[in-house]
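Take a look at the letters that make up each chain.
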Amino acid sequence: MHREADVALRLGEPTQPDLIARRLVKVGFGLYASDAYLRGAPPLDALEDLEAHQLVGLDATGVGFDYAHTFPVQHALPGTYVYISNSPAAQMAAVRAGFGIGVLSHRWAALSGDLTRLLPDYNAAELDLWLVTHEELRHSARIRATYDYIAERMLADASLFQHGMPAQASG
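In this text the structure is predicted, and so the values were computed from the model without any measurement.

Parameters at a glance
Residues numbered from 1 in each chain as written. Predicted model: local features only at pLDDT ≥ 70, side-chain atom pairs only at ≥ 80, totals over all residues. Heavy atoms only, no water. Helix = DSSP H or I, 4+ residues; strand = E, 2+ residues; numbered from the N terminus. Buried < 20%, exposed > 50% of the residue type's maximum accessible area, 1.4 Å probe, protein only. Contact = heavy atoms within 4.5 Å. Areas by Shrake-Rupley, 256 points an atom, 1.4 Å probe, with all protein chains shown as cover. Polar contact = N/O pair within 3.5 Å; in protein donor to acceptor, adjacent residues only side chain to side chain.

**Q** Before we go on, may I ask you to explain the overall build of the protein chain in this structure?
**A** The helix and strand inventory of the protein chain stands at five helices and seven strands. Going from the N terminus to the C terminus, the protein chain shows its helices and strands as β-β-α-β-β-α-β-α-β-β-α-α. Every one of the 171 residues in the protein chain was classed for burial, and the buried ones make up 38%. Expressed as a percentage of contacts within the protein chain between residues at least 6 apart in sequence, the contacts between residues at least 24 apart total 74%. As displayed, the protein chain offers around 9,600 Å² of accessible surface, 50% of which is attributable to carbon and sulfur atoms.

Pasting the structure below:
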C-alpha cells in the first residue's frame, strides 16, 4: 500500500487502482484449541456449546484492509473472550498456550502441528488470498520471476490453505 514491498500477499481483493493483482487460493478458517486447553474444557459438540468455553479473538479492524467482518470480534461467537489481539501471531500464540479456542486459518493451524480442529463441519470464514505488485513493476524480470514462483507454490498448496491438509499425491 505504501510501497514497502515489491510483491505482497493480501487477504481480500486489493482496491488500489495502481496494483496488479491475481487471486490465488481460498484461505479457510476454523475453530482450534491446544490439547492443554481441551484437557480441562467442557465438551464441545455444537457451536452453541462454545458458551461454556474461553475464546481467543482477533481484532482486525486496524490492519489496513477490511476482513474484520469474518472474525468473531464483530460477530461474536458464544463464549467468553479472555484474550483479544490485533496480531494474528499473538492470537496463535495464545491459542497454542492454552488460553482458549480461536478462529485460525487451517493452513497456519496445520503447520503449527500442535492444535486440534474443533467442529470440523463449521467454517468460520473463507477469504481469497491475492498476490499483488505495483503496476510500475509489471515488466521487471526479477519481479516477474518472483511473482510467478510465489503463485506456483501457493497454487500447489491450495488444499493446505483451504482445508488444512496437503494435496494428495497422484499416481
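**Q** Which parts of the structure should I look at to understand the side chain of H53?
**A** Examined against the element boundaries, H53 turns out to sit in the loop between α1 (35-39) and β3 (54-58). When its relative accessible area of 2% is taken as the criterion, H53 is described as buried. A polar atom in the side chain of H53 sits 2.9 Å from the side chain of Y37. Filtering out sequence-adjacent residues up to four positions away, H53 remains in contact with Y37, A41, P42, P43, L44, G79, T80 and I101.

All we've got here are geometric facts, nothing functional implied.
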